[in-house]
Amino acid sequence: MTFFLQQVVDGLTTGSVYALIALGYSMVYGVLKLLNFAHGDIYMVGAFIGYFVLQAFGGATALVAPVAVVLIAMFAAAALGAGLLGVGIERFAYRPLRESPRIAPLITALGVSFFLENAVLLLFGSETRLYSTSSFIPFSTGVHVAGVNISLVRILVVVLAAVLMVGLRVLVERTRLGKAMRAVAFDREAAEMMGIQVDRTISATFFIGSALAGVAGVMAGLVFDQVFSLMGFIAGLKAFTAAVVGGIGNVPGAMLGGLLIGLAESFATGYISSTFQNLIVFGILIGVMLLRPNGLLGRATLQKV
Amino acid sequence: MTRPLLELDHVTLAFGGLHAVEDLSIAVGEGEIVSLIGPNGAGKTTLFNLITGVYAPTSGDIRVAGRSIAGLAPHRIAGLGVARTFQTLRLFVNMSVKENVMAATYGHTSARMWQSVLRTPKARREEREVNALAEEVLGFFSQRLMGYRWDQPAYSLSYANRRRLEIARAMATRPRVLLIDEPAAGMNPQETHEITDLIARLRDERGYTILAIEHDMHVVEGISDRVIALDHGQKIAEGSFEAVATNPLVVEAYMGRGTAVTKG
């Protein structure tokens, strides 16, 4: 039982990270019908930004400010930096191709992905950098319930992810920007003729989606410690899987998909073998696609009359 | 005619060698209701697409209240007071009835996006105003778009109500000129009768200047101050309903050559 609960805790943590990345994937797909393959690399850049902010505060073992301040600075800088990067990518790589056949921005997205990976490789080298989280948030801090160790970092990650997801839900459902986003997602041209500023709405969507990926990058650094230029590749693929399993373009779907993939991965590792982790994750993708091609929460696309 | 609010000045739209609209000049006076008729493919909807900025004219100018709007982005043209409905309904069916109307108000709100995200007092106040405007606009349709329908998804509405909601959404952009594309298409006689009254009310109670595309000649007769007939992207007749409907060129465009002769 203890072991089972430990897997749940681990799965929810990883799942929260995947869910945050999946949200950005799903939002961008929603407004542009574009699979932004560079999204995983934006997450990687977020992880790097967090790392450098940590170093700027003296590094994991010699922090010159309270841990809370450092963490807030890491998350804020990663969100802002990743958000602006996302806006820039859309502005210069995708917007000129908006009226092109859909394959063109798709290939461009792959190009942007390679560009980001190699730019980081060139600038910061190939070595893996460590957050060394345990040096400033010791493993011993946290909650111990029924023999299960829930470290402070994991609590922080899950709570922050939950807050952000609720916030995003409110934003999409209640605010003006959310309505503009949904209108643009459904019919860009009609939205524009109703006075909605489509370019700005798309920029805002990229900013929010990328900022969430940046936050997820710092979370990944805190939980898994390792930061390297290719870390966005497999995480991006899994988040994409999460978005598709949940129903791409659908905000609650991305959250559900992310948590599901995280839990599946954790149980696969715990009960079978970590070797089978990816086999099981992508097996779920295939299974869901066969049974529910629109994803778990996806609706069949409404036919336009 | 009063001062023209909407003017098309020798407008041509060419796709390569094909002239979808050719040297077309139209003026619609403030508070006027003008109907556009013509056979399928005459360029009526293309004309709406030109006025709303989907296409920029190849040559010629389009003016609203004397200001040129040719080549402006659609959202800017909407901001200058031109709104439209669509022949093939293009509601945001993934959103509620009221949200459809609210989404169309944002062209003239002034709160910034970040203010909307952070829900600053200014954004909240504006959101309340937008909500009130949406309810007021929906109220114009009284029984048809009643309160209990406001939070239902747009796809749950009947076909006729979707047409009404398209008009409501256009009204929420605070237009001066309303372009209505086949308002009576697919409606039964009772609904057609209602839409005729509704268009008159849109002018009389809301002060809109209206350019309508319509195929149903009873509706055209019922609503129009003036009728313009198009064929092959050119104006072939203009004037009162009776004058245009009996114009030999118009009859020929609809029926083919020879019909006009046998009619005499």
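Look up a bit, the structure's there.
Residues numbered from 1 in each chain as written. Chains lettered and ligands numbered in written order. Predicted model: local features only at pLDDT ≥ 70, side-chain atom pairs only at ≥ 80, totals over all residues. Heavy atoms only, no water.

(A) The arrangement of the overall build of chain A in detail. A tally of regular secondary structure across chain A gives 12 helices and 4 strands. Considered along the principal axes of its C-alpha atoms, chain A spans approximately 60 × 45 × 35 Å. Residues counted as buried form 52% of the 305 residues belonging to chain A. Here the analysis covers contacts within chain A between residues at least 6 apart in sequence; of these, 78% occur between residues at least 24 apart. Only carbon and sulfur atoms are counted for the fraction: they give 70% of the accessible area of chain A, which is about 12900 Å². For chain A, the centre of its 18 positive side-chain charges and the centre of its 13 negative side-chain charges are spaced 8 Å apart. (Helix = DSSP H or I, 4+ residues; strand = E, 2+ residues; numbered from the N terminus. Buried < 20%, exposed > 50% of the residue type's maximum accessible area, 1.4 Å probe, protein only. Contact = heavy atoms within 4.5 Å. Areas by Shrake-Rupley, 256 points an atom, 1.4 Å probe, with all protein chains shown as cover. Lys, Arg positive; Asp, Glu negative; His and termini not counted. Charge placed at Lys NZ, Arg CZ, Asp CG, Glu CD.)

(B) How the structure looks around the layout of surface pockets. Taken as a whole, the second largest pocket spans an internal volume of roughly 740 Å³. A:Leu171, A:Phe207, A:Ile208, B:Val117 and B:Leu118 are, among the 24 residues lining the second largest pocket, the residues nearest its centre. Of all the secondary structure elements, the ones that give two or more residues to the lining of the second largest pocket are helix H6 (152–174) and helix H9 (198–224) of chain A together with helix H4 (113–118) of chain B. With 8 residues, the top contributor of residues to the lining of the second largest pocket is H9(A). Per-class residue counts for the lining of the second largest pocket are 18 nonpolar, 3 polar and 3 charged. (1 Å grid on protein atoms, 1.4 Å probe; cavity = no way out; pocket = protein on both sides within 12 Å on 5 of 7 lines; lining within 4 Å. Points joined across faces, edges and corners; volume = space filled by probe spheres on them. Nonpolar A, V, L, I, M, F, W, Y, C, P; charged D, E, K, R; others polar.)

(C) How the structure looks around the sheet that holds strand S7 (residues 177–181) of chain B. Residues and elements named next belong to chain B. Judged by pairing direction, the sheet is mixed, and its 6 strands sit side by side in the order S6-S7-S8-S3-S9-S10 without closing on themselves. Among the strands making up the open sheet, the edge pair consists of strand S6 (82–84) and strand S10 (234–239). Pairwise comparison of adjacent strand axes, ignoring direction, gives a mean angle of 20° for this sheet. Each of strand S3 (33–37), S6, S7, strand S8 (209–213) and strand S9 (226–231) touches helix H1 (residues 44–51); the most contacted strand, S8, lies at about 145° to it. (Pairing = 2+ DSSP bridges. Axes fitted to C-alpha atoms, helices over the stretch in contact; angles between N-to-C directions.)

(D) Summary view of unusual backbone geometry. All names here are of chain B. At histidine 10, a residue that is not glycine, the phi angle is positive and equals roughly 50°. By the secondary structure assignment, histidine 10 is in strand S1 (residues 4–15). A relative accessible area of 46% means that histidine 10 is categorised as partly exposed. In this model, glutamate 182 sits at a positive phi of 50°, which is unusual for a non-glycine residue. As for its placement among the helices and strands, glutamate 182 is situated in the loop between S7 and helix H7 (189–206). When its relative accessible area of 9% is taken as the criterion, glutamate 182 is described as buried.

Any functional reading would require information that these geometric values do not contain.
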